[in-house]
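Residue-level structure breakdown
So you can see what is in the structure, the chains are spelled out below.
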Amino acid sequence: MTPIEQLSQILPTVSDVVDRIEPGQLGAPTPCSQFTVRDVLDHMHVLGGAFGYAFRGEEAPEIEPPPRDGRVPAAEFRKTMDDLLDAVGSPGAMERTVSSPMGDMPGETFARLVAFDGLIHGWDLARSTGQDYPIPDTVVAAVDEFARGAITDGMRDGDTFKAATTAPQGAPRLEHLVAFSGRTL
């Protein structure tokens, strides 16, 4: 499964989760330690916006999160995720070298990392707000296969990635991947 196919399922699903977040849930803690729901939204908005420029081979301007005015920035979030998906599918995006927070890498590799990050942060948001997170198992399997080969012990600095945890026996594949990312279930 290509990273574009993965992101075509992940990003709209995460946007749907964000559409259902209530303003009173913005300050709720998430499984992403030290991040509230609003912090995860801001993180995804800022990085997703910057990544859109990177996939197009352009320099990103400084991107600010939406104002913290008590409302859920669902429309802004969806616009950013839609633009990111468009950028990933733009001509040359998979072949170009992308400058990422983890260094320069091929666009296809970076898109797979973005899929992993988006999948996990979407789970954070769904879990923190009591929502279902209907990601197809085929998408989870493709992201899982990539992540287990790409995320090394050297990347587990406690900030970018924490040490892997263990999902309960019989847990869905997504929860095993979430535990691999360092989340505690």
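First, a word on what this report is: a plain description of the structure on this page. (Residues numbered from 1 in each chain as written. Predicted model: local features only at pLDDT ≥ 70, side-chain atom pairs only at ≥ 80, totals over all residues. Heavy atoms only, no water.)

Thoughts on the overall build of the protein
Regarding its fold elements, the protein presents six helices and two strands. Starting at the N terminus, the α and β elements of the protein follow one another as α-α-α-β-β-α-α-α. Computed over its C-alpha atoms, the radius of gyration of the protein comes to 16 Å, within 12% of the 16 Å expected for a compact globule of 185 residues. Dimensions along the principal axes, computed over C-alpha positions, put the protein at roughly 40 × 40 × 30 Å. The contacts of the protein with a sequence gap of at least 6 include a subset with a gap of at least 24, amounting to 68%. (Helix = DSSP H or I, 4+ residues; strand = E, 2+ residues; numbered from the N terminus. Rg over C-alpha atoms; globule rule 2.2 N^0.38 Å. Contact = heavy atoms within 4.5 Å.)

Some thoughts on unusual backbone geometry
Backbone geometry places Gln-34, a non-glycine residue, at a positive phi of 70 degrees. For Gln-34, the position within the fold is in the loop between α1 (3-19) and α2 (37-55). Using a relative accessible area of 79% as the deciding quantity, one classes Gln-34 as exposed. (Buried < 20%, exposed > 50% of the residue type's maximum accessible area, 1.4 Å probe, protein only.)

Let's talk about the packing of aromatic side chains
Tallied over the full model, the rule gives three aromatic pairs. With 4.8 Å between their ring centres and 85 degrees between their planes, Phe-51 and Phe-110 make a pair best called edge-to-face. With Phe-51 in helix α2 and Phe-110 in helix α4 (residues 107-128), the pair connects residues that are 59 residues apart, well separated along the chain. Each member of the pair, Phe-51 as well as Phe-110, carries the same accessibility label: buried. Their ring planes at 40 degrees and their centres at 5.9 Å tell us that Phe-116 and Phe-161 sit as a pair that is tilted. Residue Phe-116 is found in helix α4, and its partner Phe-161 is found in the loop between α5 (137-150) and α6 (173-180); the two are separated by 45 residues along the sequence. Grouping residues by exposure puts Phe-116 and Phe-161 together as buried. (Phe/Tyr/Trp six-rings, centres within 6.5 Å; stacked < 30°, edge-to-face > 60°.)

A few points about the side chain of Glu-175
Structurally, the position occupied by Glu-175 is in helix α6. Within polar-contact distance, the side chain of Glu-175 engages the side chain of Arg-127 at 3.2 Å. Dropping the residues within four chain positions of it, Glu-175 is found in contact with Trp-123, Arg-127, Ala-167 and Leu-185. (Polar contact = N/O pair within 3.5 Å; in protein donor to acceptor, adjacent residues only side chain to side chain.)

So, α4
Side chains three or four residues apart in an α-helix point the same way, a direct result of the helix having 3.6 residues per turn. Taking 1.5 Å of rise per residue, 22 residues should cover 32 Å, and α4 covers 31 Å from first to last C-alpha, within 8% of that figure. The buried fraction of α4 is high, at 18 of 22 residues. Just past α4, the residue Gly-130 takes up positive phi, approximately 70 degrees. (Expected span 1.5 Å × (residues − 1).)

A look at the pattern of salt bridges
One pass over the full model with this rule turns up 14 salt bridges. Among the salt bridges present, the one from Arg-78 reaches Asp-19, with a minimum N-O distance of 2.5 Å. Here the residue Arg-78 occupies a position in helix α3 (residues 74-88), and Asp-19 occupies one in helix α1, the gap between them amounting to 59 residues. Given the relative accessible area of 24%, Arg-78 is considered partly exposed. For Asp-19, a relative accessible area of 43% puts it in the partly exposed group. The residue Asp-144 makes a salt bridge to Arg-148 at a minimum N-O spacing of 2.4 Å. Residue Asp-144 and its partner Arg-148 are located together in helix α5, separated by four residues, close to a single helical turn. When salt bridges with common partners are traced through the structure, they connect Arg-38, Asp-39, Asp-42 and Arg-68 into a single cluster. (Salt bridge = Lys/Arg side-chain N within 4 Å of Asp/Glu carboxyl O.)

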